Amino acid sequence: MEREGEEFVRVVIISDGVDNNPEGLTREELFQHLKEQAIPIYTLGSVDQNNMQNLKELYALSRQTNGLSWTLSELSNTLSVVQTMSGTELPVCVKVKIPKTLQDGSVKEVQLINNDRRVILKLTDRANPGRCFETPLLGRVSIGRNPGNQIVLDYERSVSGTHCEIFVAGNVFKVRDLGSKNGTYVDGIQVGDTAEISSGSILKLGRLELTVDMR
């Protein structure tokens, strides 16, 4: 796939998994193309009897490209997929003019930080504080049992495949339920669509309670 100009391109794949079909690209060839083309891939997987390994390979495409993944059988509200893709992900184009004094042919790194700060999201299992999950809060963080999420809670069956997401809206942190079966709660109140969240909040996903810390 080729980009034209500065358009923001996303790819959506609905499949029962990825395999090394001799008539198509191998996994290795596909991953190499993904390195060359920075295009986020969103995957929706269909569970069959013996395709769990292929689904893991499918969801890995989303992880590698900063997309999201869902398992179709675990989606109680397919509209949540549309809401996720259209509501919280705003592409940003940054143009940098390099001063002539730095144009010496050497390789340099530039770090861009939104609003002059980087927020780290930490979730701690209240029943088992040894289970802590940390990740930078860049745009949005998806949470659920599926391996394609930024925070994977695969040890608790009451958590949906892609249960919820935490994101930044202006200067406010919010959580959005993504059509989970057992609901998302903040400090005991069920989240209808979105709710504000902050350090010290108790985030409940199914039976799992997590303490929220942002720093």
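Scroll up to find the structure.
Residues numbered from 1 in each chain as written. Predicted model: local features only at pLDDT ≥ 70, side-chain atom pairs only at ≥ 80, totals over all residues. Heavy atoms only, no water.

Caption draft 1: Summary view of the pairing of strand S5 (residues 132–136). Alternating positions in S5 separate cleanly, Phe133 and Thr135 being buried on one face and Cys132, Glu134 and Pro136 remaining unburied on the opposite face. The pairing of strand S4 (residues 120–125) with S5 spans 5 bridges and is antiparallel. When the bridges of S5 are listed, Thr124 appears paired with Cys132. Two successive antiparallel strands, S4 and S5, enclose a turn made up of 6 residues. (Buried < 20%, exposed > 50% of the residue type's maximum accessible area, 1.4 Å probe, protein only. Helix = DSSP H or I, 4+ residues; strand = E, 2+ residues; numbered from the N terminus. Pairing = 2+ DSSP bridges.)

Caption draft 2: Representation of the packing of aromatic side chains in the model. Using the criterion set out here, one finds 2 aromatic pairs in the structure. Ring geometry for Tyr42 versus Trp70: centroids 6.3 Å apart, planes at 20°, classification stacked. Taken together, the positions of Tyr42 in strand S2 (residues 41–45) and Trp70 in strand S3 (residues 69–71) put the pair 28 residues apart, joining distant regions of the chain. Relative accessible area serves as the criterion here: at 1%, Tyr42 is assigned to the buried category. Between the aromatic rings of Phe133 and Tyr155, the centroid separation amounts to 6.4 Å while the plane-to-plane angle is 10°, which identifies the pairing as stacked. In this pair, Phe133 is assigned in strand S5 and Tyr155 in the loop between strand S7 (151–152) and strand S8 (164–169), connecting sequence segments 22 residues apart. Residue classification places Phe133 among the buried positions, given a relative accessible area of 17%. Taking the ring centre of Tyr155 as reference, the NZ or CZ of Arg131 above it sits at 3.8 Å. In this structure, Lys204 is placed above the aromatic ring of Tyr185, and the distance from its NZ or CZ to the ring centre is 5.7 Å. (Phe/Tyr/Trp six-rings, centres within 6.5 Å; stacked < 30°, edge-to-face > 60°. Lys NZ or Arg CZ within 6 Å of the ring centre and 35° of its normal.)

Caption draft 3: Representation of the sheet that holds S3 within the structure. Read from one edge of the open sheet, 3 strands run S1-S2-S3, paired in parallel fashion. Among the strands making up the open sheet, the edge pair consists of strand S1 (11–15) and S3. Between one strand axis and the next, the sheet turns through 15° on average, direction left out of account. Summarising the sheet, S1 and S2 pair through 5 bridges and their orientation is parallel. In the strand pairing of S2, Ile14 is matched with Leu44. Here helix H2 (residues 52–65) sits on the sheet and contacts S1, S2 and S3; the angle it forms with S2, its principal contact strand, is near 155°. (Axes fitted to C-alpha atoms, helices over the stretch in contact; angles between N-to-C directions. Contact = heavy atoms within 4.5 Å.)

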